[in-house]
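Structural description and commentary
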Amino acid sequence: MEIKDKVDCLILNLWSCTNYGASLTCWGVQCLAEKLGYKAKVINYKPKIGLAYKNTFAEKFANKYLHLTDSVDNYNDFIALNEETDNFIVGSDQVWNAGIMRSHHSGVSENIYLLDFVKNNKKKLSYAASFGKAEFLDNVLNINYKETFKYFINQFDNISVREDDGVRILNQIFDADATQLIDGAFHIPMETLNNMTKNYTNNEKYIGCYALPYFSSQKWYQNILTKLSKETGLPIKKMTFNPSVTIEEWLAFIKNAEFVITDSYHAVVFSIIFNRPFVQVKNAQTQSRFESLFRLLEIDNNSIGKDDIVDLDKILAPKNWEKINNILSQERIKAETWLKNAINQPKQLNSQNDFFNYFISKTSMQNELTKKKLYVLANKRKILLKYYKYKILSKILIGKKRNLYKKKKNNYKTLVTLLRNI
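Below: a short report on this structure.

Conventions we followed
Residues numbered from 1 in each chain as written. Predicted model: local features only at pLDDT ≥ 70, side-chain atom pairs only at ≥ 80, totals over all residues. Heavy atoms only, no water. Helix = DSSP H or I, 4+ residues; strand = E, 2+ residues; numbered from the N terminus. Buried < 20%, exposed > 50% of the residue type's maximum accessible area, 1.4 Å probe, protein only. Areas by Shrake-Rupley, 256 points an atom, 1.4 Å probe, with all protein chains shown as cover. Phe/Tyr/Trp six-rings, centres within 6.5 Å; stacked < 30°, edge-to-face > 60°. Lys NZ or Arg CZ within 6 Å of the ring centre and 35° of its normal. Pairing = 2+ DSSP bridges. Contact = heavy atoms within 4.5 Å. Axes fitted to C-alpha atoms, helices over the stretch in contact; angles between N-to-C directions. Core = buried A, V, L, I, M, F, W, Y, C linked by side-chain atoms within 4.5 Å. Salt bridge = Lys/Arg side-chain N within 4 Å of Asp/Glu carboxyl O. Parallel < 35°, antiparallel > 145°, perpendicular 65-115°, else oblique. Left-handed = near helix turned anticlockwise from the far one by under 90°. Nonpolar A, V, L, I, M, F, W, Y, C, P; charged D, E, K, R; others polar. Polar contact = N/O pair within 3.5 Å; in protein donor to acceptor, adjacent residues only side chain to side chain.

With that settled, the discussion passes to the overall build of the protein. Along its length, the protein carries 16 helices and 12 strands. Considering the protein as a whole, with its 422 residues, one finds that 51% of them fall into the buried category. Summed over its atoms, the accessible surface of the protein is roughly 20,300 Å², and 49% of this surface lies on carbon and sulfur atoms.

Turning our attention to unusual backbone geometry. Glycine aside, residues mostly have negative phi, and peptide bonds are mostly found in the trans state. Cis geometry is found at the peptide bond from Gly91 to Ser92, where omega equals 5 degrees. Along the polypeptide, Ser92 turns up in the loop between strand S4 (87-90) and helix H4 (98-103). Of note in the backbone geometry, Asn55 takes a positive phi value of approximately 65 degrees without being a glycine. Mapped onto the fold, Asn55 is located in the loop between strand S2 (40-44) and helix H2 (57-65). Notably, Asp175 is not glycine yet its phi reads approximately 50 degrees, a positive angle. Here Asp175 is to be found in the loop between helix H6 (164-174) and strand S7 (179-180).

For the structure on display, the rule yields 32 aromatic pairs. Connected via pairs of aromatic rings, a cluster forms that spans Tyr20, Phe57, Tyr210, Phe241, Trp250, Phe270 and Phe274. Seen from the ring of Tyr265, Arg162 lies directly overhead, with NZ or CZ sitting 4.1 Å from the centre. We note Lys237 situated over the ring of Tyr206; from NZ or CZ to the ring centre the distance is 4.8 Å.

Right, let's talk about the sheet that holds strand S1 (residues 9-12) for a bit. Overall, parallel pairing links the seven strands, which are arranged S3-S2-S1-S4-S5-S6-S7 in an open sheet. The outermost strands of the open sheet, each flanked by one partner alone, are strand S3 (68-71) and S7. With three bridges connecting them, strand S5 (residues 123-129) and strand S6 (residues 158-161) associate as parallel partners. The residue bridging Ala129 from the neighbouring strand is Val161, located in S6. Strand contacts of H6: S6 and S7, with the helix running at about 140 degrees to S6, the strand carrying the most contacts.

So, about the sheet that holds strand S10 (residues 259-262). Here we have five strands laid out as an open sheet, ordered S9-S8-S10-S11-S12, and parallel in their pairing. Both outer strands of the open sheet, strand S9 (236-238) and strand S12 (303-304), are each paired with one neighbouring strand and no more. Here three bridges tie S10 to strand S11 (residues 278-281), and the two strands are oriented parallel to one another. From the neighbouring strand, Ile261 faces S11, where its bridge partner is Val279. Lying over the sheet, helix H9 (residues 247-255) contacts strand S8 (207-210), S9 and S10, oriented at roughly 135 degrees with respect to S8.

Looking now at the nonpolar core. Ranked by internal contacts, the top residues of the largest apolar core, which has 67 residues, are Tyr127, Trp250, Phe270 and Ile272. Per element, the largest residue contribution to this core is nine residues, and it comes from helix H13 (residues 321-344). Beyond its immediate stretch of four places on either side in the chain, Phe270 contacts Leu24, Ala185, Ile188, Leu193, Trp250, Leu251 and Ile254.

To continue, consider helix H11 (residues 287-297). Burial of H11 is extensive: nine of the 11 residues sit out of reach of the surface. Buried within H11 are the following residues: Gln287, Ser288, Arg289, Phe290, Ser292, Leu293, Phe294, Leu296 and Leu297. Where H11 is buried, its residues contact H6, S7, helix H10 (265-273), S11, S12 and H13. Glu298 sits one or two residues past H11 and shows a positive phi near 55 degrees.

Below, the discussion takes up H10. Of all nine residues in H10, nine are buried, a share of seventy percent or more. Within H10, burial applies to Tyr265, His266, Ala267, Val268, Val269, Phe270, Ser271, Ile272 and Ile273. Looking one or two places after H10, you find Asn275, whose phi comes out positive at around 55 degrees.

Our focus in this paragraph is the environment of Leu115. Structurally, Leu115 is set in the loop between H4 and S5. Taking C-alpha positions, Leu115 is 9.9 Å from Ile79, a pair spaced 36 residues apart along the chain. Ignoring sequence-local partners within four residues, the contact set of Leu115 consists of Leu12, Phe88, Val90, Lys124, Leu125 and Phe156.

Further remarks concern the pattern of salt bridges. Tallied over the entire structure, the rule returns 16 salt bridges. Close ionic contact of Glu336 with Lys35 constitutes a salt bridge, the shortest N to O distance being 2.7 Å. Taken together, the residues span a long stretch of sequence, with Glu336 in helix H13 and Lys35 in helix H1 (residues 20-35) at a distance of 301 residues. A residue is classified by how much of its surface remains accessible, and Glu336, at 15% relative accessible area, is buried. Owing to a relative accessible area of 60%, Lys35 belongs among the exposed residues under this scheme. By sharing partners, the salt bridges in this structure join Asp93, Arg162, Glu163 and Asp183 into a single network.

It is the contact of H9 with H10, at a shortest axis distance of 9 Å, that shows an interaxial angle of 60 degrees. In terms of orientation, H9 and H10 fall into the oblique class. H9 and H10 meet at a crossing whose hand is right-handed. Of the residues in H10, those touching H9 at Trp250, Leu251 and Ile254 are His266, Ala267, Phe270 and Ser271. Classifying every residue of the contact of H9 with H10 gives five nonpolar, two polar and no charged.

This part is about the side chain of Ser160. By the element assignment, Ser160 lies in strand S6. For Ser160, a relative accessible area of 0% gives the class buried. Looking at Ser160, its side chain comes within polar contact range of the main-chain oxygen of Ser126, at 2.7 Å. Within polar-contact distance, the side chain of Ser160 engages the backbone nitrogen of Ala128 at 2.9 Å. When near neighbours in sequence (up to four residues on either side) are disregarded, Ser160 contacts Ser126, Tyr127, Ala128, Ala129, Thr179, Leu181 and Trp338.

Worth remembering: the numbers are spatial, not functional.
Right under this line is the structure:
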C-alpha cells in the first residue's frame, strides 16, 4: 500500500456496511474533525460480511463525501497506516458491539476496533463509540475476550462513548474513564443536509414509516399505524431498505414527513435533527441506545412495543424543539472541545509493547482460521453441495432470484476455496 502525505487523524468505523446510519455517522465524524481545522481521512476497510457494497448507496456516498485512504486489505496494511498519522479515532456507532466486532473483521483481527494495530507512540481515541447494549457480556462473548478488551482499552489516550450505559460499563468493568458524546451524525451541517435533500421536496403530507420488514407481519404494529393514520388524517408512506435508494432520498423521506415511525437509531437521530415528530418502535436487543439518547436530550420517551398501551395523546404530544435544539447545540460544543483537546494534548508514554499487541492479535487471527478450517472439514459435503447448487441456480435463473443465488454462491465459494487449500 502506497503511503500518502500525513493527515491529522484517521477514522475507523462501519461506514461500508450498506447502512444509511453507518455511512452518515462516519461522515459526521469527518465533518467534526474538519470543522476544527484538522485534515482527516477514513480508513478504507471493507470487511467481507456477505452484504453487497458495489454499486450501492454506500459506495456512491463514500465516493462523493468521504476522504478515504488507500484500500486496506490485510493486517499489514493496517499497521502501515501508522506512517500516515499520529491520531487514530474509532467510532462513532456500534464499533464495540460484541457481535459486530467479531463479524466485521474478515479474518484481519477482531481487535481492530480496539485499535490493536496502532503503535503506542500514536494516540488512540474513541469518538462516541457504542456497545449497542446496556451490558458488556452476552452470549457472544466469553471471559477471555473480556480480558482482551480490557488489555487494549487501557491503551487508549481518551475515550468517549455514545451512551451513558457505555460510560458505566467502562468505569465499573474496566476501571476506565469515559465521556458521553453525541453520535457523529449530529455534526453534519444543517446547510449541507438541506442542500442534499432540496431536489426531493414535495407537497405530499404523510406519516413516514421506516422499519424492519419483520414488523409488517405484526398485528400490534399494524394497529399502531392504523390508529396514527386515523388520528392525524395522514396516509402511511413506507420505505423499506433498498441498496439502490440513495442516502439523499432516505434523508428527504424523513425530512419531508409530518410524522415518523421507526425502529432505526439513525432515523430517530435525523428526525431530531429535522425536528420531525416521531415514535420509536422498541428494539429489545439494543433499546438502551434510544433510551440513552432520550435522556441526554431530555426527550419524553416515545418508544412503543408489543405489550404497551397505545397512548395517542402521549405519542402525538408536541415536542419542545427549542429546548432540544439548545441541548444539542451545547452537546456539539462539548464534543468539539473534547476532540480538540484529545488531538492537541501531548502524547503520554504507554508502557505496553507493540510486539505484544501484534502477538495477541496474530494469535487471535490464527485461532479464528483454525476454527474455520475445522468447520469446513466437518461440513465438507454440505458446503460443496450448497456451493454447486447455488452456482447452478445463479446461472439458470434471472432477475432478483439470480442475484440472490449468486450472492449465496459467492459466500460458499470462500469456504470452498479454504477447503481446497487445507
